[in-house]
Amino acid sequence: MEQIPVSLWTLVAGVLVTAISIWIGQHHSLLPVQASLQAPMVDGFFNIMFTIAIALFLVVEGTILIFLVKYRRRRGDNTDGVRVEGNVPLEIFWTAIPSVIVLCLGIYSVDVFNRMGGLDPAGHPHGTAHVAHVSGSAMAATLDNPAESKTASTIGIGSSSTNQDKAADLTVDVKGMQYAWIFNYPDSGITSGELHVPIGADVQLNLSAQDVIHSFWVPNFRLKQDAIPGIATQLRFVATKPGTYPVVCAELCGGYHGSMRSQVIVHTPEDYDSWLTENQVAQKQDLHQAIAINPANLSTSEFLAPQAHDMGVSAATLESLVKSH
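Residues numbered from 1 in each chain as written. Predicted model: local features only at pLDDT ≥ 70, side-chain atom pairs only at ≥ 80, totals over all residues. Heavy atoms only, no water.

A. How the structure looks around the packing of helix α2 (residues 39–70) against helix α3 (residues 88–115). Between α2 and α3, the shortest axis-to-axis distance is 10 Å and the interhelical angle comes to 170°. Relative to α3, α2 is oriented roughly antiparallel. On α3, the residues touching Met 41, Gly 44, Phe 45, Ile 48, Met 49 and Ile 52 of α2 are Ile 101, Leu 105, Tyr 108, Ser 109, Val 112 and Arg 115. For the contact of α2 with α3, a count of residues per class yields nine nonpolar, two polar and one charged. (Axes fitted to C-alpha atoms, helices over the stretch in contact; angles between N-to-C directions. Helix = DSSP H or I, 4+ residues; strand = E, 2+ residues; numbered from the N terminus. Parallel < 35°, antiparallel > 145°, perpendicular 65-115°, else oblique. Contact = heavy atoms within 4.5 Å. Nonpolar A, V, L, I, M, F, W, Y, C, P; charged D, E, K, R; others polar.)

B. Structural detail: the pairing of strand β10 (residues 261–267). Within β10, five of the seven residues are buried, leaving the element largely enclosed by the surrounding structure. For strand β4 (residues 195–198) and β10, the ladder comprises four bridges, and the chain directions are parallel. The partner of Leu 195 across the bridge, within β10, is Val 264. Across six bridges, strand β9 (residues 243–249) lies against β10 in antiparallel orientation. If you follow Val 247 over to β10, its bridge partner there is Ser 262. (Buried < 20%, exposed > 50% of the residue type's maximum accessible area, 1.4 Å probe, protein only. Pairing = 2+ DSSP bridges.)

C. Structural view of the sheet that holds strand β3 (residues 190–192). Spatial ordering of the open sheet is given by β3-β2-β1-β5-β8, a layout of five strands whose pairing is mixed. Single-partner strands in this sheet number two, and they are β3 and β8 (233–238). Between one strand and the next, the sheet's axes are offset by a mean angle of 25°, whatever the strand orientation.

D. Structural view of the confidence of the model for the chain. Of all residues in the chain, 72% have pLDDT values of 70 or greater, and the mean over the chain is 80. Low pLDDT (under 50) marks residues 126–163, which in the prediction has 50 contacts with non-local residues, meaning those over four places away or in another chain. (pLDDT = per-residue confidence, 0-100.)

E. Spotlight on the environment of Trp 23. Along the chain, the position of Trp 23 falls in helix α1 (residues 6–26). For Trp 23, a relative accessible area of 54% puts it in the exposed group. For the pair formed by Trp 23 and Thr 51, sequence separation is 28 residues and the distance between their alpha carbons is 8.2 Å.

F. Expanded view of the packing of aromatic side chains. A full pass over the atoms with the stated rule returns ten aromatic pairs. Lying over the aromatic face of Trp 217, Lys 224 brings its terminal NZ or CZ to 4.8 Å of the ring centre. (Phe/Tyr/Trp six-rings, centres within 6.5 Å; stacked < 30°, edge-to-face > 60°. Lys NZ or Arg CZ within 6 Å of the ring centre and 35° of its normal.)

G. Quick look at the nonpolar core. Leu 195, Leu 205, Phe 216 and Phe 221 are the most contacted members of the largest nonpolar core, which totals 39 residues. Among all residues touching Leu 195, those that are not within four sequence positions of it are Val 172, Phe 183, Tyr 185, Leu 205, Phe 216, Phe 237, Gln 263, Val 264 and Ile 265. (Core = buried A, V, L, I, M, F, W, Y, C linked by side-chain atoms within 4.5 Å.)

H. Region of the structure containing the pairing of strand β7 (residues 223–227). As judged from the five bridges shared by strand β6 (residues 214–218) and β7, these two strands associate in the antiparallel manner. Residue Phe 216 lies in a different strand from β7, and its bridge partner there is Gln 225.

I. Here's a closer look at the sheet that holds β7. Reading across the sheet, the five strands line up as β4-β10-β9-β6-β7 and stay open at both edges, with mixed pairing between neighbours. Strands at the two margins of the open sheet, each flanked by one partner only, are β4 and β7. Taking the axes of each pair of neighbouring strands and ignoring which way they run, one obtains an average angle of 25° across the sheet.

J. Geometry of the state of the cysteines. Inspection of the entire model under this criterion finds zero disulfides. Left unpaired, Cys 253 is separated from the closest cysteine sulfur, that of Cys 249, by 3.9 Å. Owing to a relative accessible area of 5%, Cys 253 belongs among the buried residues under this scheme. (Disulfide = S-S within 2.5 Å.)

K. Spatial organisation of the packing of α1 against α2. Where α1 contacts α2, the axes come no closer than 8 Å and their chain directions differ by 140°. By the angle between their axes, α1 is oblique relative to α2. Where α1 crosses over α2, the handedness of that crossing is right-handed. Along its contact with α1, which presents Val 17, Ile 20, Ser 21, Ile 22, Ile 24, Gly 25 and Gln 26, the element α2 presents Asn 47, Phe 50, Thr 51, Ile 54, Ala 55, Leu 58 and Val 59. Residue composition of the contact of α1 with α2, by class: nine nonpolar, five polar and no charged. (Left-handed = near helix turned anticlockwise from the far one by under 90°.)

Structure representation (structure tokens):
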């Protein structure tokens, strides 16, 4: 029986490794659901890195297993192995291939970074549909045809003038403190312990920190930005999927760092308008009640209760935060 050439085995193994790594790299479930316009770009880069990692894992581990079987010590054979002085072509090969991979990944990562805005926070991609006061017919058009909106946004992602100079549809001031996130809507005067945004709106977050460095991270948006005391930072995104998504502090900020969590709630335009109206009415009522009551006659918990309700935290939590600062 004629022996199969090594080159043919190598070709078959290469095809199998390529097919398996591409399939796993494109069909894994390691990442949470995409919920922003920026998420597909990050996921595309991750999938390529994961595909390459799977291929390298199969090649390295497969080679180890083949060597364990083929070059194992036979029973009764106590002789030394063949002395090998090195293989210059092989060393060049396994040095050049990783170098090319790292170089290509570096160029690709810079491209993704620039398309997401780069060092200019106003450069993050966003749709061409404007939202008058974060509602109206333009947003409805975006929802009716999200594919068209996404395509138009993607085309404008590299622009250094149109997108970067465009004002955000919604601006929210975000303050990080040990151990909570506070969201203030300057246009409506609403303060909340949760981030509420409408789908399709170009949202800009102005981040700040009251005490130590925090990191604002929304895994479903694939976005993360540090909040630094005394230094203003920004984050810009477009939410594309209604739902409730976790907000996590990704910077070790103290003993209760793990509990510094909130959530971002992505509404339809109608639901967002309803939330906006309800909270504006509620906060006006709280203000009128506060004026009618003499604060000198209230305990600390009673005095902080309305503010705690608006922020979405308990009065005891807010009281502890006030005392700690």
